[in-house]
Amino acid sequence: MAPIMIVCPKCRRREEIKLNEFILRELHITGSANIAYYHSDHILYVNMDRYAIRTIATYDPPSMLIHGLNIYVDEYFVLRQPIIPNDMEIMFIDIKRKVADARLVSNHMYAVSLIRYLRINRKAIPEEGAINAYGVNYMIKRNGSILLAKKLKDDGDKAKNILMRLLADIKGVPVNLEKVLDIIL
Ligand SMILES: [Zn+2]
């Protein structure tokens, strides 16, 4: 099948609609799929059904309209649906498969910024430790290609402990939310 290409009406950047398992599932269950693409100072929004692309639009990044949409940040697919309100702010990233589970992150720009930071500083990411991604502090812990990042609000030891417990139980991204919530709440 030829790739489905779209052109951003604002910056003319070309994007491919990759029908990954998450988009196909959304199409199957709801009859349409919403996908966002991060484009620095704006976000490209695409709505499609099983027959065609229905809508292409652009929004400002802080817009609440696209806050809860799954979003491509370059080659990474960042899951945002459904957002689970919580005060842990943990993100799960599979660096190899380029999938991030950000359903436990309340602010979508935090999720996007962290992915951008990890892409750019990939070689400098420690196995474990604190990082500062564009002004936001995270405790991170990594096991092979699976990377966990928790926004640092409380003390680092507590965050490290939570990440350690999670990492021992996580088999892949997206995570089993029921299991994760059991551990963190
Ligand atoms: Zn654009």
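Here the structure is a predicted model, which means the values were calculated and not measured.

Colleague: Any chance you could explain the overall build of the chain here in plain terms?
Modeller: Per the secondary structure count, the chain includes 4 helices and 12 strands. At 17 Å, the chain has a C-alpha radius of gyration in line with the 16 Å of a compact globule built from 185 residues. Seen through its principal axes, the chain has C-alpha atoms that stretch 50 × 30 × 30 Å. Looking at the 185 residues of the chain, the share that counts as buried comes to 30%.

Colleague: Explain the domain arrangement of the chain here, please?
Modeller: Many authors give the size of an interface as the accessible area that is lost as the parts come together. We note that the domain assignment places domain 1 (1–66) and domain 2 (75–185) within the chain. On a C-alpha basis, the centres of domain 1 and domain 2 stand 24 Å from each other. At the junction of the two partners, domain 1 supplies 5 residues and domain 2 supplies 4 residues. Counted by class, the side of domain 1 that touches domain 2 contains 4 nonpolar, 1 polar and no charged residues.

Colleague: Teacher, can you tell me more about the nonpolar core here?
Modeller: Proteins that are soluble and globular tend to have nonpolar side chains buried together. Ranked by internal contacts, the top residues of the largest apolar core, which has 47 residues, are Ala36, Ile71, Val78, Met91, Phe92, Ala100 and Ile115. Residue contributions to this core reach at least three from each of two domains, namely domain 1 (1–66) and domain 2 (75–185). Apart from residues lying up to four places away in sequence, Ala100 is in contact with Tyr76, Val78, Leu79, Met91, Phe92, Ile93, Ile115 and Val173.

Colleague: It is not clear to me how helix 2 (residues 108–120) should be interpreted in this structure. Could you clarify?
Modeller: For an α-helix the count is 3.6 residues per turn, leaving residues at separations of three or four pointing the same way. Under the 1.5 Å per step criterion, the end-to-end length of helix 2 is 19 Å for 13 residues, consistent within 8% with the ideal 18 Å. Within helix 2, burial applies to His108, Ala111, Val112, Leu114, Ile115 and Leu118. Projection of helix 2 onto a plane perpendicular to its axis shows the buried side chains occupying an angular sector of 160°, all on one side.

Colleague: Can you walk me through the sheet that holds strand 7 (residues 76–79) in this structure?
Modeller: One key point about sheets: their strands pair by backbone hydrogen bonds, in either a parallel or an antiparallel sense. Taken in spatial order, the 10 strands of this open sheet run 5-4-3-6-7-9-8-12-11-10, and their pairing is mixed. Each edge of the sheet is formed by a strand with only one pairing partner; in this case those strands are strand 5 (53–59) and strand 10 (128–133). If you compare each strand with its neighbour and ignore which way they point, the axes differ by 25° on average. In this sheet, strand 4 (residues 42–49) lies alongside strand 3 (residues 32–39) in antiparallel orientation, the contact comprising 8 bridges. By the bridge assignment, Ala33 is partnered in strand 4 with Met48.

Colleague: Just to check I follow, could you spell out the environment of Asp169 for this structure?
Modeller: Among the structural elements, Asp169 can be located in helix 3 (residues 156–169). Looking at Asp169, the number of C-beta atoms within 10 Å reads 12, which means it is exposed. In this structure the C-alpha to C-alpha distance between Asp169 and Val180, which are 11 residues apart in sequence, comes to 8.3 Å. Not counting chain neighbours up to four residues away, the residues in contact with Asp169 comprise Lys179 and Ile183.

Criteria and cut-off values
In this convention, every chain numbers its residues from 1, walking through the sequence in written order. Local features in this predicted model are restricted to residues of pLDDT 70 or higher, and side-chain atom pairs are both shown and tallied only at a pLDDT of 80 or more, whereas totals for entire chains, interfaces and linings draw on every residue. By definition, any uninterrupted DSSP run of H or I lasting at least four residues is a helix, any uninterrupted run of E lasting at least two residues is a strand, and each is numbered from the N terminus. Only C-alpha atoms enter the radius of gyration; for comparison, a globular chain is expected to reach 2.2 Å times N to the power 0.38, where N is the number of residues. Exposure classification rests on a simple neighbour count of other C-beta atoms within 10 Å of a residue's own: a residue reaching 20 or more is buried, one at 12 or fewer is exposed, and one in between is partly exposed. C-beta atoms are placed from the backbone. For the domain bounds, the source is a domain assignment made automatically or taken from a database. The contact criterion used here is simple: two residues whose C-beta atoms, placed from the backbone, lie within 7 Å are in contact. Lys, Arg, Asp and Glu make up the charged group, whereas Ala, Val, Leu, Ile, Met, Phe, Trp, Tyr, Cys and Pro make up the nonpolar group; the residues left over, Gly among them, are polar. Buried Ala, Val, Leu, Ile, Met, Phe, Trp, Tyr and Cys residues form a nonpolar core when they are connected through C-beta atoms within 7 Å. Each residue after the first adds 1.5 Å to the expected span of a helix. Taken from the helix axis, the directions to the C-beta atoms give the arc we talk about. Strands are labelled as partners when DSSP assigns at least two bridges between them. Lines fitted to C-alpha atoms define the axes, with helix axes restricted to the stretch in contact, and inter-axis angles between N-to-C directions lie between 0 and 180 degrees.

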